[in-house]
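# A look at the structure
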Amino acid sequence: MKILVITTFYPHPERKDLLRDTSAVHYIAREWVKQGHQVTVLHCYGHYFRELVKELGKHDFRRYGKIQECPNNEGVRVLLLEEQFWLRNAKWYLPVQQKKMAVAINQYFHEKEYEPDVLLVHFPTNYVGIVERLDIHCKKAAVFHKTDLGTVLAKPEVCPTLRKTYDVLGARTSQLQKKLAKTGIRTTFLAQSGIDEDIIMTDEEFRKKWAEGPHPMRVVYAGNLLPDKNVDAVLTALSSWKDKRPFEFTIIGDGVCLQPCIRLAEKLGIADSCRFTGRLTREQTLEAFRKAEVFVMISSPETLGLVYLEAMSQGCVAIGSRNEDGILVDGKNGYLVEPGNAEELRARLDAIAQAPAAENQAAAYAGLKTIREMTSQKTARQYLEQVLKG
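Definitions and cut-offs
- Residues numbered from 1 in each chain as written.
- Predicted model: local features only at pLDDT ≥ 70, side-chain atom pairs only at ≥ 80, totals over all residues.
- Heavy atoms only, no water.
- Helix = DSSP H or I, 4+ residues; strand = E, 2+ residues; numbered from the N terminus.
- Rg over C-alpha atoms; globule rule 2.2 N^0.38 Å.
- Contact = heavy atoms within 4.5 Å.
- Areas by Shrake-Rupley, 256 points an atom, 1.4 Å probe, with all protein chains shown as cover.
- Pairing = 2+ DSSP bridges.
- Axes fitted to C-alpha atoms, helices over the stretch in contact; angles between N-to-C directions.
- Parallel < 35°, antiparallel > 145°, perpendicular 65-115°, else oblique.
- Left-handed = near helix turned anticlockwise from the far one by under 90°.
- Nonpolar A, V, L, I, M, F, W, Y, C, P; charged D, E, K, R; others polar.
- Buried < 20%, exposed > 50% of the residue type's maximum accessible area, 1.4 Å probe, protein only.
- Phe/Tyr/Trp six-rings, centres within 6.5 Å; stacked < 30°, edge-to-face > 60°.
- Lys NZ or Arg CZ within 6 Å of the ring centre and 35° of its normal.
- Core = buried A, V, L, I, M, F, W, Y, C linked by side-chain atoms within 4.5 Å.
- Arc of directions from axis to C-beta.

## Considerations on the overall build of the protein
Across its full length, the protein holds 14 helices and 14 strands. Radius of gyration (C-alpha) of the protein: 22 Å, near the 21 Å computed for a compact globule of 390 residues. Viewed in the frame of its principal axes, the protein has a C-alpha envelope of about 65 × 45 × 40 Å. Within the protein, contacts between residues separated by at least 24 positions form 70% of all contacts whose residues are at least 6 apart in sequence. Of the roughly 17800 Å² of accessible surface on the protein, 51% is carried by carbon and sulfur atoms.

## Digging into the sheet that holds strand β4 (residues 76-84)
Strand order in the open sheet made by the eight strands is β3-β4-β2-β1-β5-β6-β7-β8, with mixed pairing throughout. In this open sheet, the two edge strands, each paired with only one partner strand, are β3 (67-73) and β8 (189-190). Note that strand β5 (residues 118-122) and strand β6 (residues 139-144) share five bridges and pair parallel. Residue pairing in the sheet places His122 in a bridge with Val143 of β6.

## Brief notes about the packing of helix α11 (residues 306-313) against helix α13 (residues 357-372)
Helix packing geometry: the angle between the two helix axes and the distance between the axes. In contact at an axis separation of 8 Å, α11 and α13 are set at 120° when each is read in the N-to-C sense. On the basis of the axis angle, α11 is oblique to α13. Of the two possible hands of crossing, α11 and α13 adopt the one that is left-handed. Of α13, the residues touching α11 (which contributes Leu309, Met312 and Ser313) are Gly367, Leu368 and Ile371. For the contact of α11 with α13, a count of residues per class yields four nonpolar, two polar and no charged.

## Looking at the pairing of β6
Of all six residues in β6, five are buried; the element is thus mostly enclosed. As paired elements, β6 and strand β7 (residues 168-171) share four bridges and run parallel to each other. Bridging from a neighbouring strand, Ala142 pairs with Leu169 of β7.

## Concerning the packing of aromatic side chains
Evaluated as defined, the whole model comprises 11 aromatic pairs. Ring centres 5.8 Å apart and planes at 70° place the aromatic pair Trp241 and Phe247 in the edge-to-face group. Accessibility expressed as a relative area gives 6% for Phe247, which makes it buried. Each ring, one from Phe289 and one from Phe295, has its centre 5.6 Å from the other, and the planes form 80°; the classification is edge-to-face. Taken together through their ring pairs, the aromatic side chains of Trp32, Phe189 and Tyr383 make up a single cluster. One Lys or Arg, Arg77, reaches over the ring of Tyr114 and ends 5.7 Å from the middle of that ring.

## Examining the nonpolar core
In this structure, Phe249, Phe289, Phe295, Val296, Ile319 and Leu349 are the most contacted members of the largest nonpolar core, which totals 63 residues. In contact with Phe295, other than residues within four places in its own chain, are Val220, Tyr221, Ala222, Phe289, Val307, Tyr308, Ala311, Cys316, Val317, Ala318 and Ile319. Grouped together as the second largest cluster of nonpolar side chains are 38 residues, Leu79, Leu81, Tyr108 and Leu134 included.

## A few points about the environment of Leu4
Of note, Leu4 is situated in strand β1 (residues 2-7). As for Leu4 and Ala29, which are separated by 25 residues in sequence, their C-alpha atoms are 9.6 Å apart. Leu4 has contacts with Thr40, Leu42, Phe109, Tyr114, Pro116, Val118, Leu119, Leu120 and Ile136, leaving out every residue within four places of it along the chain.

## Focus on helix α10 (residues 282-291)
Among all positions in α10, only Arg282, Thr285, Leu286, Ala288 and Phe289 are buried. With its buried residues spanning 155° around the axis, α10 presents them on a single face. For α10, the secondary structure elements touched by its buried residues are α1 (24-34), α7 (203-210), β9 (217-222), β10 (247-252), β12 (294-296) and α11.

Here is the structure:
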């Protein structure tokens, strides 16, 4: 089957200048390739206005508005279409850009004589004014992410177009499904992330990790350092352990909050216990998870992202936001706290630190068992099957 995916985020190893927020769509696409499908990804990348101002003179506008053929990524054919978001903080294109992008896409696929069997659009609110102009005659499915919810709430006029353009609507998580339903967007399937089976810890590896002798409590965070990630709340919660309990907090990622978080760690007097690594490769991040007992991400708002699954797959006790998706069940296979609530997080971390080792090991193992039922092979196949049935 020929699958065409249009998405806002996709990894380009050869383009370090492009923001890489998540590789979730790629991990799904490469599974379809393994399952025998021909997958083409069209990555529509919008350069933010702040990038234009910050890197004035560095942008090659000659590339904008044209389909660029990129190196294949693990069997996935990758195309790139760059444009500029001209409005400050905007995440959608101007009407004239929408028409121009649709023309470029139609022209490229017409010249290549390419017609997909199914079109899957991630972040569909970004492509209102584009997808409905495409000369593509196949089943069309839209997959809503949490950023789409914000657009739907801010611009409810896009809802009728979305319902008319697509044959079937889906969401990344069940929590997002419920929130979209309140806006009038009814989704009928889930497009969840999964984990590569070969990276999931074995029982032997798990026992070895949790059999290590006494050492400082190792806590890890991985993700973009942005205000809504609430890393400052994690630092504040951990500061209660200063001079009381040895710990190591590894912060993986980069973003506008990196320097403020470094300064906060110094102000709280815990800088020596904190390690800011910047961005790491996936392999390096997984290694950090293997060494840590606790993974923390209490973002607001939050849906269960791939990083939670990866941490749980490496035997970490996961602490997430209370409004994340239902994969993490509080007190069963991890713990939930109010997004950004440093005091509640402090209490939870204290409880973990004071609990018998067997109790924490049981929580981590329950998370590991959950992930073993969410392999990328299974979730990718279920995703496509639901689209074709819908």
